[in-house]
Amino acid sequence: MTGSRVVALGHYQPAKVLTNDDLAAMVDTSDEWITSRVGIRTRHVGGPDEPVDELAAHAAAKALASAGLQPGDIDMVLVATSTAIDRSPSMSARVAARLGMGSPAVMDINVVCSGFTHALATADHAVRAGAATRALVIGADKMGDIVDWTDRSTCVLMGDGAGAAVVTADPDAGERPGIGPVLWGSVPEMGNAVRIEGTPPRFAQEGQSVYRWATTQLPPIARKVCERAGVTPEDLAAVVLHQANLRIIEPVARKIGAVNAVIARDVVHSGNTSAASIPMALSKLLERGEIESGAPALLFGFGGNLSYAGQVIRCP
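So, a few notes on the structure that sits alongside this text. (Residues numbered from 1 in each chain as written. Predicted model: local features only at pLDDT ≥ 70, side-chain atom pairs only at ≥ 80, totals over all residues. Heavy atoms only, no water.)

**Some remarks on the sheet that holds strand β11 (residues 238–241)**
For step 1, the next point in the chain: Read across the open sheet, the five strands follow the order β8-β14-β13-β11-β12; overall the sheet is mixed. The sheet is open, and its two borders are formed by β8 (183–186) and β12 (262–263), each paired with just one other strand.
For step 2, the next point in the chain: As judged from the four bridges shared by β11 and strand β13 (residues 296–303), these two strands associate in the parallel manner. Following the sheet pairing, A238 is matched in β13 by A297.
For step 3, the next point in the chain: Against the sheet, helix α5 (residues 115–128) engages β8, β13 and β14 (307–314), with an angle of about 55° to β14.
For step 4, the next point in the chain: Along the sheet, helix α8 (residues 246–256) makes contact with β11, β12 and β13, crossing β11 at roughly 135°. (Pairing = 2+ DSSP bridges. Helix = DSSP H or I, 4+ residues; strand = E, 2+ residues; numbered from the N terminus. Contact = heavy atoms within 4.5 Å. Axes fitted to C-alpha atoms, helices over the stretch in contact; angles between N-to-C directions.)

**Some remarks on the pattern of salt bridges**
Side chains bearing opposite charge may pair, as long as their charged atoms lie close to each other.
For step 1, the next point in the chain: According to the stated counting rule, one finds twelve salt bridges in the structure shown.
For step 2, the next point in the chain: With a shortest N-O distance of 3.9 Å, E250 and R247 are connected by a salt bridge. Of this pair, E250 and R247 both sit in helix α8, three residues apart, roughly one helical turn.
For step 3, the next point in the chain: On the basis of relative accessibility, which here comes to 27%, the residue E250 falls in the partly exposed class.
For step 4, the next point in the chain: Note on R247: relative accessible area 29%, which makes it partly exposed.
For step 5, the next point in the chain: Among the ionic pairs, E290 bridges to R288, the shortest N-O distance being 2.6 Å.
For step 6, the next point in the chain: Classification of R288 by relative accessible area gives exposed; the value is 51%. (Salt bridge = Lys/Arg side-chain N within 4 Å of Asp/Glu carboxyl O. Buried < 20%, exposed > 50% of the residue type's maximum accessible area, 1.4 Å probe, protein only.)

**What to know about the environment of T117**
For step 1, the next point in the chain: Secondary-structure assignment places T117 in helix α5.
For step 2, the next point in the chain: With 132 residues separating them along the chain, T117 and I249 place their C-alpha atoms 16 Å apart.
For step 3, the next point in the chain: Each residue touching T117, except ones within four places of it in the same chain, is listed here: I278, L299, F300, G301, A309 and Q311.

**Some words on the sheet that holds strand β6 (residues 134–142)**
For step 1, the next point in the chain: Strand order in the open sheet formed by five strands is β1-β7-β6-β4-β5, and the pairing between neighbours is mixed. Edge positions in the sheet fall to β1 (3–12) and β5 (105–109), since each of these pairs with one other strand and no more. Neighbour-to-neighbour, the strand axes of this sheet turn through a mean angle of 20°, independent of strand direction.
For step 2, the next point in the chain: Bridge count for β6 against strand β7 (residues 160–170) is nine bridges, and the pairing is antiparallel. Its bridge partner lying in β7, G139 is registered against G163.
For step 3, the next point in the chain: Helix-sheet contacts for helix α10 (residues 277–287) involve β1, β6 and β7, and the interaxial angle to β1 is about 90°.

**Regarding the packing of aromatic side chains**
For step 1, the next point in the chain: Per the stated rule, a full pass over the model turns up one aromatic pair.
For step 2, the next point in the chain: Between F300 and Y308 the ring centres are 6.4 Å apart and the planes differ by 5°, which places this aromatic pair in the stacked class. Take F300 and Y308: they sit in the same class, and that class is buried. (Phe/Tyr/Trp six-rings, centres within 6.5 Å; stacked < 30°, edge-to-face > 60°.)

**Structural notes on unusual backbone geometry**
For step 1, the next point in the chain: In this structure, the amide linkage connecting S88 to the following residue, P89, adopts the cis form with an omega of 0°.
For step 2, the next point in the chain: Examined against the element boundaries, P89 turns out to sit in the loop between β4 (76–80) and α4 (91–99).
For step 3, the next point in the chain: A positive phi angle is found at V112, which is not glycine, with a value near 50°.
For step 4, the next point in the chain: Inspection of the secondary structure assignment puts V112 in the loop between β5 and α5.
For step 5, the next point in the chain: For V112, a relative accessible area of 12% corresponds to the buried category.
For step 6, the next point in the chain: Residue L306 is not a glycine yet carries a positive backbone phi of 50°.
For step 7, the next point in the chain: Along the chain, L306 turns up in the loop between β13 and β14.
For step 8, the next point in the chain: Classification of L306 as buried rests on a relative accessible area of 0%.

Laid out in structure tokens, this is it:
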């Protein structure tokens, strides 16, 4: 088995920005109420002419350009999303068609908020097993399509966007794998705590249950992810958690013990973008030069299904 590594990232968000003051004109809320509870100030919202696969394709094209690759160089496309309306063609097939790819394997992965880290692990496994050589892993969600804009408890949370990573084989990985072992799992008895149900589908959650679970149960799991990767929390250069709520991100990061790490806080400007949140936040950190190439970063997704998945990667 060979290893694998992330060689490039890219992100994309719709141009329209919705501020807390904009939301206050729509529902009974305020900037103070939103920022004090979830830390979000703005979010990007796509229009009816901006489907999920378009967001995904923009992010993917940026990642490919950064990697110096052409669409035809990719032999696997994985799209993590929970906001695909159609069953077929899949988002991955539509992205491949938009980018003019050759004949890649295409697969959608729906694990909601932890979808990207699940998809990244799947790509890593495929490359290690020799089933793929260059994979495009995308997290893309258009949460604005499934949120109830009259419900002040949920509409203030969500945003739209996409993030993408190019994963390639790394035969020289040795004891420093570019993508570390995944630790993933779920809490089935709490699966209903985050829901996207109905026709049309609508997002709902039991916010307090999710908050208690995340802030108490996730830190020791995240430390085990570091242990599997052969690093300590103090070694981490960055911690990129699912961007659900600043009041979850900050205490979880503190309890992990990553005292030297940059903590991704893109939720402040982008809201909760579900599967897009981790690759988008990481891409922005790298674009701003806040993390050095080769530095270890913990990626950890959690949320819908009360599922989680995390790995330590070496930054491109």
